[in-house]
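# Descriptive analysis of the structure
Letter by letter, the chains look like this.
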Amino acid sequence: MSSRRPTRIVGRPFTRVDGAAKVTGQTKFADDLALPRMLHCKLLRAKVAHARILAIDVSKALAAPGVVAVATGRDLPVPFGILPVSQDEHALCPDRVRYVGDPVAAIAATSEDAAFDALDLVRVEYEPLPPVGTIEEGLAPAAVPIHDHGDQGNIHKLVAMQFGDVDEGFARADRVYDNTYFYEGNTHLALEQHASVADFGPDGKLTLWSSTQTPHYVHRALAKVLGMPASRIRVIATPNGGGFGGKSDVFNHEIVVAHLSRVTGRPVKICLTREEVFYCHRGRHPTLMRVRTGVKKDGAITALHFQTALDGGGYGSYGVASTYYTGALQTVTYRVPTYRFEGARVFTNKPPCGPKRGHGTPQPRFALEAELDRIACDLGLDPAAIRREHLQPANSLTANYLRVGSMGLGACIDKVVAASGWKKRRGKLPFGRGLGIACSSYLTGAGLPIYWNQMPQSGVQLKVDRGGGVTVFCGSTEIGQGSDTILAAIVAEILGIDPLDIRLVTGDTDLTPVDLGSYSSRVTLMTGNAAIQAAERARELIAGAVAKKLELPPERIGFAEGRVFDVENPEKGMTFPEAAVAGESLHGTLGTVGHYRPPPSAGRYRGAGVGPSPAYSYSAAVVEVEVDPETGIYAVPKIWIAHDVGKCINAALVMGQVEGSVYMGLGEAMMEEMAYRTDANRNVVHKFPSVLEYKSPTTLEMPEVETFLVEDPDPNGPYGAKEVGQGPLLPIPPAVANAVYDAVGVRVDEVPVTPEKVRRALKAKAQGKPARVGPERFPAVPYPEPIHVRTPEEGGDGKAEDAPVTAAGGVR
Amino acid sequence: MYSESFEYFRPKTLAEASALLKKHRGARVLAGGHSLLPAMKFRLATPKALVDIGAIKGLSGIAAKGKAIGIGATTVHAEVAASKLLQRSCPLLPETAAQIGDVQVRNRGTIGGSIAHADPAADYPTALVALGATVVVRGPRGERKIPAEDFFVDLFTTALKPGEIVTAVLVPVSGKGTGAAYLKHPHPASRYAVAAAAAVVDVANGVCSRASLVIGGVSATPVRVLKAQDALVGKKPDAASIGAAAAQVEALVPDPMGDVYASGEFRVHLASVLAKRALAAAFERAKKG
């Protein structure tokens, strides 16, 4: 009902509620916190990639000046992990280290320097184990598997699912394409390093302030590992100086400082170094992909067979979900009538991979969009048109049972095609210059929570005091994306007050109802809907009281500009504080709640939990490149991007998210990579855990970006809003690769598209070899027999069948 | 990361500085600190003492000295880049300085610090060798003048002897008919040269009379491409002769450095392309000069 009233705040580029504090440097990040008698913690991290711990001697460290306590894995034996199926991490490794950087001991001392110096005094005796460094090594039989859980050997997870009669789809195709792609791992590189402060009080209660995107999950893990009732633990998410998925796991250092505070009775703080952040990682999975596509001559896809192999690093993290995500969203952009997906994740002795902006979907999106470009060029079709003409329709169910609601991709394509002069320029620019197009889609919140439950995914409590003050309580976590501002805006819109007058209490497990956290682009939609419900309930209470006072029917009461009034005679009314007094006089203390639970997913097969979302955002981008054919060095002078956000709550924040995503996508496309080497002791070590060598674009590389916002409101979104924080990253890497092809006629089927790869492909082309650089083959992966699901078109019900499905409806 | 503990001295005179370096074994000279401090934080360098030469008078500044221009050791890159005197009389050096790092680095980093550190990917060494510059050093046994070509000995290794400090760099004033150019491909993160080329050429009556070509970033020290001289001197500088000179680069570095960003093979290729372009630009400027 709120969305039917004309809006006064929603849709405008209003000021961020935390803007003044941020630009004046007064935001209190976790590392800004200091408590009396606070100790400082440092972690001793393994310098070997894979080994058994035979002995740890901490006696010298314990005796060092300033050291108050030392902890090892023996003190914290209970495992944890973000997913219930992968409880494979320990706060400190008890008996085995699995990557260079895995923590084995922790020191709490009176100063950071004292803690750091004492690290050298801990003696650890290791028995080296053979390290696993690559996907291929992870697929090979393992003498000593990295974990004792997983599907086989070092293969953590195997997934195979088939939707519809894929064989028939390929048989129906005019052409079948078969290509391999690789997407290198990269990391979030948030400006703020992870930091936490734990304070175990004399009341036996623990408070943890932490730069986390997911305070609720940290809360649960602390209770589990520390063996304490959750009711005695309070987790406060401090504003994050960037998250991007890198702070959405539960981290060992968060548990360690809580433990050290409990044993010392003093507050304990840790702030990771930049080097340690590279070890925490949880970034993009390096992913090998094989794509087989059956198409008609007009570019219509008849069948898609997608295989992925992910390098997971040393622990499970979100990896099972990541694996499914490499196969989930291929179907929501263009019509894919039959679809087979096989995915595998292997453990390796490297920092664990996890969710980074786009979680598991930028890799397959790169492969799919590069593949479509190839197909268009091969069939003599316009790469923009081949996409535009075969869109998955709005309000439809995909082959894998994802429910597409509003779908503005066609409008997005039209915008960037027109603005970039695509039709006149693509394929016609001088050698060395080119344009590339790519599209994408992303979830607006995962349909399912991380642990199975039937409770709301987001809750909001709202309090109106007799001074007219409005306080909003919500578990959502401000990671820079503007979640606090969105909450304030929605409540202000409905109550007719100024967003800057609202007090926000967010990300505090003691004070706020649960919101699952700032991940999967869920916050605006889920907290927004919960906030609408809470605010409408408060509005109804106040409107009822004011209507009574003014002797009017409640429908005639309006809220705007800090007043509550008769909509037909606006002078007649009162200020919002007076209205609050009227409300409290009539109803007693004013407080309301709201919550949000996503609609149930349509798929009912095993694995159907990954992919469903209340709404999907869409993006299209055109990238222009200038390639120096002699060196392969290229520049990106301009990017045009259009994003279907459903509806802008705050256009300034939406533009910021689009351009930030473009920036991050460009970094992945052009240069970013987590690179490892094997040292003389056969350890797999990070080549350069520092920003001196880890390449990321600066303002110097950032091109001009022309952003178009497409507003195709989705019935499931608050005011029709869909996500914007992740989706616009996805089209950039493939659009860059496609533009390089348009510029110099070579395919780089690998991310990052580095100058050296472009030059290698150009050299191959000059020598008459295939004009491409990319993986030569896809490894043999022991995928199981897929589950078979009849598509909606085939009359399926979303459940898996016992035997392969044929198009005729029978079983094969 | 934290550096190890160290003692810190800030002497007022060169003699004091030399004495401190002699007294504290393993002490390092601190100038702009842009290479030394990161190395200390990574614990790649763990000096027990730092001798900060920032307070020593007369070590900074640019001035003509006969047929050369002297640049004091603690002169920052930004000052070199903006020097009107150098832009007029030795334009290669300001052109090089302007390409070092970023604004912050150029405002703090010094020419003496850069060359004493002798990073193989640094910009100054390549340009100074191409110019035939001279490095002036002072130590317990007085002053020495070292040709730039002999100054860079190996990776992070120079001809400096214990207790010696770089005090200045002398670059020749370029005459009429001289052209020069410095080109690099910067590493996207550090802005160090992945590959670089410096060319200094003389042209008289349309014919090349001197061609000094040096490449950087591909090996431990700057590499002088001697055969470029043979390919060009006495010839008309055109695409053929320039191409022939630059082609010498590929064969010159049998074991180039490589990393994850650029393999050795790619670096040498980049160096040869940059060499060709630097020569072409230098000849173009010689024509105008």
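It should be noted that the structure appears before, not after, this text.
The shown structure was predicted, so the numbers you read here are calculated from the model rather than taken from an experiment. (Residues numbered from 1 in each chain as written. Chains lettered and ligands numbered in written order. Predicted model: local features only at pLDDT ≥ 70, side-chain atom pairs only at ≥ 80, totals over all residues.)

### Focus on the overall build of chain B
Helices and strands together make up the secondary structure of chain B, namely 12 helices and 14 strands. Over its C-alpha atoms chain B spans a radius of gyration of 19 Å, differing by no more than 12% from the 19 Å that the globule rule assigns to 289 residues. For chain B, the C-alpha atoms occupy an extent of roughly 60 × 45 × 35 Å along the three principal directions. Here chain B, with 289 residues, has 52% of them falling under the buried criterion. Considering only contacts within chain B whose residues lie at least 6 apart along the sequence, 64% involve residues at least 24 apart. (Helix = DSSP H or I, 4+ residues; strand = E, 2+ residues; numbered from the N terminus. Rg over C-alpha atoms; globule rule 2.2 N^0.38 Å. Buried ≥ 20, exposed ≤ 12 C-beta atoms within 10 Å, placed from the backbone. Contact = placed C-beta atoms within 7 Å.)

### A short note on the interface of chain A and chain B
On the chain B side, the residues contacting the 19 residues of chain A number 14 residues. Counting only elements with at least two residues in the side of chain A that touches chain B, the list comes to α3 (112-119) and α19 (755-766) of chain A. Along the lines of polarity and charge, the residues of the side of chain A that touches chain B split into seven nonpolar, three polar and nine charged. (Nonpolar A, V, L, I, M, F, W, Y, C, P; charged D, E, K, R; others polar.)

### Some words on the pairing of strand β14 (residues 301-311) of chain A
Regular strands place side chains that alternate from one sheet face to the opposite one. Residue and element names in this part refer to chain A. Of all 11 residues in β14, 11 are buried, a share of seventy percent or more. Pairing of strand β13 (residues 287-295) with β14, which is carried by nine bridges, proceeds in the antiparallel orientation. Bridging from a neighbouring strand, Leu288 pairs with Ala309 of β14. Hairpin connection from β13 to β14: five residues lie between these consecutive antiparallel strands, with Gly299 at a positive phi of about 95°. The sheet contact formed by β14 and strand β15 (residues 339-346) spans eight bridges and is parallel. Residue pairing across strands places Thr308 opposite Gly343, the latter belonging to β15. Once the chain exits β14 it traverses helix α9 (residues 319-328) before rejoining the sheet at β15, and the crossover so formed is right-handed. (Pairing = 2+ DSSP bridges. Right-handed = clockwise from strand over helix to strand, strands pointing away.)

### Regarding the sheet that holds strand β12 (residues 193-204) of chain B
Residues and elements named next belong to chain B. Ordered in space as β11-β12-β13-β14, the four strands form an open sheet in which the pairing is antiparallel. Edge positions in the sheet fall to β11 (178-186) and β14 (223-224), since each has one partner strand and no second. Bridge analysis of β11 against β12 gives nine bridges, and the strand direction is antiparallel. Note that in β12 the partner of Tyr182 across the bridge is Ala198.

### Considering the packing of helix α11 (residues 239-252) of chain B against helix α12 (residues 264-288) of chain B
Residue and element names in this part refer to chain B. Running from N to C, α11 and α12 point in directions that differ by 155°, and their axes come no closer than 8 Å. Classified by the interaxial angle, the pair formed by α11 and α12 is roughly antiparallel. Between α11 and α12 lies a crossing of right-handed hand. Within the contact between the two elements, α11 uses Ile242, Gly243, Ala245, Ala246, Ala247, Val249 and Glu250 and α12 uses Val268, Ala271, Ser272, Ala275, Lys276, Leu279 and Ala280. Taken together, the residues of the contact of α11 with α12 sort by class into 10 nonpolar, two polar and two charged. (Axes fitted to C-alpha atoms, helices over the stretch in contact; angles between N-to-C directions. Parallel < 35°, antiparallel > 145°, perpendicular 65-115°, else oblique. Left-handed = near helix turned anticlockwise from the far one by under 90°.)

Take it as geometry only, folks, not as evidence of what the structure does.
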